[in-house]
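Observations on the three-dimensional arrangement
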Amino acid sequence: MNSVTQSAPATPATERSQRPGDESQRWKDESLRSIQRAERLVLQSHMNALHSAARYRRTPLCSRFTDSNEASFNLRPKSTGTALYSLGKNDPFPPPALRDQSAEASIGLASEYMRSVREVEGRLRREAGKVNQEATKLQHQRERLEKLLRSVRKALLVNQQSTDWRTFRPTVKGKDGADLMLHHEKKGLNELKQRLETMLRDTLNQQQALSQSSRQLLDCAFERSRVIELLPQHGSPSATMHLSTSPLAMKPDPSGPYTPECKEALESSAAVLQRSQQLRGSVKQLMSDAVVKQTSLHRSVNEGLLKKIAETVNLQHHLTLSSAATKQAIYRKQRQMQCASYSHGRVLGPVSSDDLFCRERPDRPVVQIYGRHPSSHLPESRLLSQGNVTLKQHLESEEKDLEDLQVAHLQLVDDTWAKQATAGVDSSVVRLRRRYVLPMFVQATKT
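Residue positions within a chain follow its written sequence, with the count starting from 1. At least 70 in pLDDT is required for a residue's local features to be given in this predicted model, at least 80 for side-chain atom pairs to be given and counted, and no such filter applies to totals for whole chains, interfaces and linings, which use all residues. In computing side-chain properties, one takes all heavy atoms of the structure into account and sets aside hydrogens as well as water.

Description of the overall build of the protein chain
Numbering goes from the N terminus for both helices and strands, where a helix is a DSSP run of H or I of at least four residues and a strand is a run of E of at least two. Counting its secondary structure elements, the protein chain contains ten helices and zero strands. When its helices and strands are written in sequence order, the protein chain yields α-α-α-α-α-α-α-α-α-α. Only protein chains enter the accessibility calculation, which uses a 1.4 Å probe. A residue is then buried if its area is under 20% of the maximum for its type, exposed if over 50%, and partly exposed in between. By residue count, 30% of the 447 residues in the protein chain fall in the buried class. Computed by Shrake-Rupley with a 1.4 Å probe, the accessible areas treat only the displayed protein chains as cover when residues are assessed. If you sum the accessible surface of the protein chain, you get close to 29,500 Å²; carbon and sulfur atoms cover 55% of it.

Quick word on the confidence of the model for the protein chain
Looking at any residue, its pLDDT shows the predictor's confidence there, from 0 to 100. Looking at the protein chain as a whole, the pLDDT averages 78, with 72% of positions reaching at least 70. The element-level mean pLDDT for the protein chain is lowest in helix α4 (residues 68–73), coming to 39, with helix α6 (residues 177–224) highest at 92. With pLDDT under 50 throughout, residues 1–18 is counted as low confidence; its partners more than four residues away or in other chains account for twelve contacts. Contacts are assigned to residue pairs that have any heavy atoms within 4.5 Å of one another. In the predicted structure, residues 56–89 sits below a pLDDT of 50 and forms 42 contacts with residues beyond four places in sequence or in another chain.

Observations concerning the pattern of salt bridges
For salt bridges, the criterion is a side-chain nitrogen of Lys or Arg within 4 Å of an Asp or Glu carboxyl oxygen. Within this structure, the stated rule accounts for 22 salt bridges. In this structure, the salt-bridge partner of Arg169 is Asp176, at a minimum N-O distance of 2.9 Å. Asp176 carries the same exposure label as Arg169, and that label is buried. One network of salt bridges, with partners in common, ties together Arg166, Arg169, Asp176, Asp179, Lys308, Glu311 and Asp426.

With respect to the nonpolar core
Core analysis: the largest hydrophobic core is formed by 32 residues, its most contacted members being Leu124, Leu145, Leu196 and Leu217. In this view, Leu124 contacts Leu217, Cys220, Ala221, Arg224, Cys262 and Leu266; residues no more than four positions away in its chain are not counted. We call a set of buried residues a nonpolar core when its members are Ala, Val, Leu, Ile, Met, Phe, Trp, Tyr or Cys and they connect through side-chain atoms within 4.5 Å of each other.

Concerning the packing of helix α5 (residues 98–166) against α6
The interhelical angle for the contact between α5 and α6, taken along N-to-C directions, is 165 degrees, at an axis separation of 7 Å. With respect to α6, the element α5 is oriented roughly antiparallel. Along this stretch, α5 crosses α6, giving a crossing that reads as left-handed. Each residue belonging to the contact of α5 with α6 can be placed in one class, and the counts come to 28 nonpolar, twelve polar and 14 charged. With axes taken as lines fitted to C-alpha atoms, and helix axes fitted only over the stretch in contact, angles between N-to-C directions fall between 0 and 180 degrees. Should an angle lie under 35 degrees it is considered roughly parallel, over 145 roughly antiparallel, and from 65 to 115 roughly perpendicular; all remaining angles are considered oblique. Helix crossings get a hand from a simple test, with the near helix turned counterclockwise from the far one by less than a right angle marking a left-handed crossing and a clockwise turn marking a right-handed one. When residue character is reported, Ala, Val, Leu, Ile, Met, Phe, Trp, Tyr, Cys and Pro are called nonpolar, Asp, Glu, Lys and Arg charged, and the others, Gly included, polar.

Some words on the side chain of Ser162
Of note, Ser162 is situated in helix α5. Residues in contact with Ser162, not counting those within four places in the same chain, are Leu182, Val429, Leu432 and Arg433.

A look at a negative patch on the surface
Candidates for patches are residues over 30% relative accessible area with no salt bridge; among them, like charges are joined within 9 Å and nonpolar side chains (Val, Leu, Ile, Met, Phe, Trp, Tyr) within 5 Å. The positive count covers Lys and Arg only, the negative count covers Asp and Glu only, and His and the chain ends enter neither. For this purpose, a charge sits on NZ of Lys, CZ of Arg, CG of Asp or CD of Glu. Judged by side-chain charge, Glu396, Glu399, Glu403 and Asp404 come together as a negatively charged surface patch. For Glu403, the location among the structural elements is in helix α10 (residues 380–445).

Topic: the environment of Leu196
Tracing the backbone through its elements, the reader meets Leu196 in helix α6. Between the C-alpha atom of Leu196 and that of Met287, which follows or precedes it by 91 residues, the distance is 8.2 Å. Among residues more than four places away in sequence, those in contact with Leu196 are Leu145, Leu148, Leu149, Val152, Leu286 and Ala290.

Section: the packing of α6 against helix α8 (residues 260–348)
Here α6 crosses α8 at 165 degrees, and the two axes come no closer than 9 Å. With respect to each other, α6 and α8 are oriented roughly antiparallel. As α6 runs across α8, the sense of the crossing is left-handed.

This is the structure we're talking about:
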């Protein structure tokens with residue numbers, strides 16, 4: 001056929017036939033053009049056959065994805081033709097393995113999507129685990145805070161009982177320094193109690209926020225885990241997962257593995273974790289300050305009560321000594337009164353004149369002889385009268401002094417008993433504070 005097409009235009013007969021008949025020449029030219037077109041089509045069919053054999057040879061699936069990161073993020077194709085070999089206008093027919101290749105491409109996209117979803121789901125569950133750990137730490141901090149708050153409330157009750165008990169002191173009618181210190185302790189404990197209650201409310205609110213964040217993360221993780229049932233639960237991840245970036249670096253896509261809900265849950269959990277850590281630091285600092293303040297208040301009141309007890313005991317000792325000295329003075333005064341009463345009786349003389357001695361009679365011979373001169377008077381009667389008056393006044397004064405000493409002695413005895421009772425009340429208050437406040441305080445400070 002090629003020899004015919006090459007020799008036909010060169011014959012002299014053809015050149016001669018162009019002149020006499022155009023129709024015959026045109027018929028020959030159309031035949032030649034038909035032959036040439038047929039040859040070209042035959043060659044083209046041979047070349048297409050060779051290209052098709054090489055083009056549609058089966059290749060591994062992983063070679064169709066040149067960029068693993070891009071494949072992991074852009075898992076949903078814009079059209080089904082992007083994951084397959086493009087069929088150009090010159091392609092005579094689709095490849096015979098098109099259905100297999102389409103299925104393999106779909107399986108690859110689904111597998112990569114599942115792996116990315118599993119990575120996001122793992123990140124969500126790890127974040128939920130961190131939130132749960134933070135909730136556990138905050139729960140322990142809350143328990144210690146509640147113990148400290150109970151100790152403060154117990155200290156307030158003991159403070160009120162101490163104030164009530166000190167009202168039974170028999171000698172003190174008003175408030176002394178210890179009462180003022182108890183009032184100062186009550187004021188400080190009330191302020192501390194309000195601060196601890198406020199911090200406890202903040203802790204409870206933070207625990208609720210952590211619980212809500214954990215539920216949100218687990219809900220998102222459960223929703224993501226709905227498409228990873230066919231993936232193995234154990235084993236090393238694929239190379240694509242190693243090359244892929246963190247889910248937080250992904251761009252949220254409502255139809256992708258990392259949805260805006262997952263992003264919102266992770267960001268909110270990070271904020272909640274940061275607030276919880278700051279709150280735990282504040283609670284720790286507040287508890288430390290509360291322990292120091294409660295210790296200082298408790299010790300200052302105890303030291304004040306002990307000082308007041310020492311002063312009361314010292315006064316009690318002085319009162320006891322004064323009472324003993326007063327009692328000795330009473331005994332001495334009673335002896336003096338007995339001597340003065342005896343002297344007064346001797347001055348008055350006997351009841352009957354028959355009991356007078358001769359030397360005491362006013363008509364004894366010496367007196368009668370001396371009385372012969374009327375201008376001379378003996379001072380015996382005058383001295384007896386003056387001595388009687390003086391002894392009587394002295395007895396009255398001694399009786400008054402004795403009554404004063406007895407009254408002072410009774411006051412000293414009463415005051416001594418009152419001081420002893422006051423010291424006993426203050427000692428009971430100190431024992432009460434050491435018995436109930438210190439054990440609760442030590443229990444609250446244990447971590």
